[in-house]
Amino acid sequence: MENAIRWFTKNHVAANFLMLLVVVAGFSTWFKLRKEIFPETSVDAVLINIPYPNATPEEVESGLVIPVEEAIADLEGIEEISSTAAQSNAAIVVEAKTGYGIRDLMDDIKTRVDAIQNLAEQAEEPIIEDVVIKREVMSIAVSADVDEGTLRDLGERVRDGLLAYKPAKPSGPMEWISRLVRGDPRITQVELAGVRPYEISIEVSEETLRRYGLTLAEVARAVSAASVDLPGGSVRTEGGEVLIRAVGKRYRAEEFRDIEVRAERDGAALLLGDIATIKDAFEDVDISTRFDGHDAVLVNVFRVGNEDTIDLAKMVRGYVEEASMTMPEGVNLQIWNDQSVYLDGRLDLLARNGITGLILVFLALALFLRPTLAALVALGIPVSFAGAIWLMPVFGVSINMISLFAFILVLGIVVDDAIVVGENVYTRMRRGEHPRVAAFKGTHEVGVVVVFGIFTTMAAFTPMLGLSGVSGKIWPNIPLIVIPTLAFSLLQSKLVLPSHLALLKPSSADRKVGPLGRVQQRVSSGLEKFVERVYAPFLNRALRARYVVLCVFFATFMGIVGLLAGGWVKTGFFPEVEADIVTAKVTMPSGVAFKETAEV
């Protein structure tokens, strides 16, 4: 390290090139990084969902939950099983052990569940899937005083419009660079919510069935046989191979009316439309969605893969602005539940804190050292941040609320090593050493202190890398930002900063003569007098009475432990937060009519 410091103090071009390389690499990497609200996580769990129509929770537990739990309890790779028995449905969540393949566990569970013989007879087929957390960016509320079918058509129109929407031209140089690096953004996952799915209902009265001597099973078989697409193989011809298919799938109510239910002896055909009421409708479930006092449907926009939350949010706002002018009169499009504002706020907070930190560091150092020296020390903040950003794709870290918090957290300690180096070099320069000599000797003199100071801070964040489960995919974002940032700050203070300090003018040639210079001299001399007259004598007394000092600190430590043990200081995983939101929640008993719930 000594030779490296000496070499860089003599080769200023190499030091500047190294600094420029880190800054450019970090700047270009920023536009490639995925920006999201929270880090991309998978739960590593399997969900077994089994519908059991009209069954009570007790029947669901005895007929579904217990047999499934007993069948899969001894499978390898299971960390925990949690089950919920609700009316008409059973949900079993199987959490996998850390590092165990979720796909392998899901295959094993499916094999065991399919082999169960004592499941409730009326239960439907189990649905087995891995738990996926979707990241919603925002929603569009489509509201209007129209019927349900028209409202759903409007929602589908908005959904299709979002999927086909092309972003506007870049609004600034930063966005232009982002498009150049990442390509044009696209919206790829949009879903409707708050509206009932389509359903074709076929209603046959009991009196009609008796009149024609039919059963519901016979009607169902006729419908199933007539509405189907079947492959029929292929035929080789001189012109090539011809595929044969029977195309008979029906999608509208009128298409079902001419289905032949039974052929009479006289040759007449009994059609489905003769005995049943057929209509295009919605599933018979109770859902009511209202927005600003009007019936509404929600169009949810999700971020998937490497899509950028901020880019998606801009596109959605642009689409809403354009589509609102083409919608029928009385139809309102409104953005709701915009999650991107939190990410924008955190990015803005990081920018403001970074600028404020630079200013405060510069002012503090300029008052006690030299302004030029303060500027060189403060330069370590953007260089260290750029280095950490450069390595973020290597560690699989995105721009999210957690990683941005880590940048804000490390902002206050990132220049500690540079301050130590700069102050020691400045002290040597004041003693008459030439800056080139002082830069090398001063940096080397505190080299061990600086290195171990950075390493101990890194070590304090290292345990977070060993977390497991869902927490192990979220909180490691903090050390994976803090540790590289401190590593690049060490590189900056040990190699680049000495090279810059070596170019300073000697102290005698750089005396402050103006008003600001006189203020700086007064502050600097005041601090030195405080150290000489107050701190140094107090330190000498503490060293002579070291056992008294140890007893005082030990008593203070025991007092802090007592405050924690006695419950005077509250402990908890998250602090209690009072939100400026008023909520009203009323839980109705199971089975209460939808109309009564709506009235409440």
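It should be noted that the structure appears before, not after, this text.
Rules behind the numbers
Residues numbered from 1 in each chain as written. Predicted model: local features only at pLDDT ≥ 70, side-chain atom pairs only at ≥ 80, totals over all residues. Heavy atoms only, no water. Helix = DSSP H or I, 4+ residues; strand = E, 2+ residues; numbered from the N terminus. Rg over C-alpha atoms; globule rule 2.2 N^0.38 Å. Buried < 20%, exposed > 50% of the residue type's maximum accessible area, 1.4 Å probe, protein only. Contact = heavy atoms within 4.5 Å. Areas by Shrake-Rupley, 256 points an atom, 1.4 Å probe, with all protein chains shown as cover. Pairing = 2+ DSSP bridges. Axes fitted to C-alpha atoms, helices over the stretch in contact; angles between N-to-C directions. Core = buried A, V, L, I, M, F, W, Y, C linked by side-chain atoms within 4.5 Å. Patch = residues over 30% accessible without salt bridge, like charges linked within 9 Å, V, L, I, M, F, W, Y side chains within 5 Å. Salt bridge = Lys/Arg side-chain N within 4 Å of Asp/Glu carboxyl O. Expected span 1.5 Å × (residues − 1). Bend = angle between axes of the 7 residues up to and from the residue.

*Asks:* I'd like to hear about the overall build of the chain, residue by residue, with values.
*Replies:* A count of helices and strands for the chain gives 23 helices and 15 strands. Against the globule reference of 25 Å for 600 residues, the chain gives a C-alpha radius of gyration of 35 Å, more extended than a compact globule. Across its three principal axes, the chain shows a C-alpha extent of roughly 120 × 60 × 60 Å. A total of 600 residues make up the chain; the buried ones form 36% of that total. For the chain, long-range pairs separated by at least 24 residues make up 75% of all intrachain contacts whose partners lie at least 6 apart in sequence. Surface summary for the chain: the accessible area is close to 35600 Å², and the carbon and sulfur share equals 58%.

*Asks:* Explain the sheet that holds strand 4 (residues 127-130) to me, and be specific about the residues and the numbers.
*Replies:* Strand order in the open sheet made by the four strands is 2-3-1-4, with antiparallel pairing throughout. For this open sheet the edge positions go to strand 2 (78-86) and strand 4, each flanked by a neighbour on one side alone. Put simply, the sheet's adjacent strands are angled 15 degrees from each other on average, direction ignored. Relative to strand 3 (residues 89-96), strand 2 runs antiparallel, the two sharing eight bridges. If you follow T84 over to strand 3, its bridge partner there is A91. Sheet contacts for helix 3 (residues 57-72): strand 1 (45-51), strand 2 and strand 3; angle to strand 2, the most-contacted strand, approximately 165 degrees.

*Asks:* Before we move on, can you summarise the pairing of strand 14 (residues 294-303) with the specific residues and values?
*Replies:* Burial within strand 14 is extensive, with eight of its 10 residues counted as buried. The pairing of strand 5 (residues 135-143) with strand 14 spans eight bridges and is classified as antiparallel. Residue pairing across strands places M138 opposite V301, the latter belonging to strand 14. Sheet analysis places strand 13 (residues 290-291) next to strand 14, joined by two bridges and oriented antiparallel. What sits directly across from F291, in strand 14, is H294. Count of turn residues in the strand 13/strand 14 antiparallel hairpin: two residues, of which D292 carries a positive phi of about 55 degrees.

*Asks:* I'd like a description of the nonpolar core, backed by residues and values.
*Replies:* Side chains of nonpolar character tend, in soluble globular proteins, to be buried together. Core analysis: the largest hydrophobic core is formed by 56 residues, its most contacted members being M392, L404, F407, V421, V482 and L501. Elements that contribute at least two residues to this core include exactly helix 12 (340-368), helix 13 (371-378), helix 14 (380-395), helix 15 (401-410), helix 16 (416-430), helix 17 (435-445), helix 18 (447-461) and helix 20 (479-501). Beyond its immediate stretch of four places on either side in the chain, M392 contacts L33, V397, S398, I399, S403, F407 and I481.

*Asks:* So what's going on with a nonpolar patch on the surface? Which residues, and what values?
*Replies:* Together, L367, F368, V519, L527, F530, V531, V534, Y535, L539 and L543 give the surface a local cluster of nonpolar side chains, amounting to about 830 Å² of exposed area. Secondary structure elements with two or more residues in the nonpolar patch: helix 12 and helix 21 (515-544). With eight residues, helix 21 is the largest single contributor of residues to the nonpolar patch. Along the chain, V531 falls in helix 21.

*Asks:* Tell me what's going on with helix 3, and back it up with residues and numbers.
*Replies:* An α-helical turn contains 3.6 residues, so any two residues separated by three or four positions project in the same direction. Over its 16 residues, helix 3 runs 21 Å from end to end, which matches the ideal 22 Å to within 8%, given 1.5 Å per residue. Along helix 3, the largest kink reaches about 35 degrees and is centred on V65; proline P67 follows within four residues of it. Where helix 3 is buried, its residues contact strand 1, strand 2, strand 3 and helix 4 (102-114).

None of the figures reported here should be taken as evidence of function without further support.
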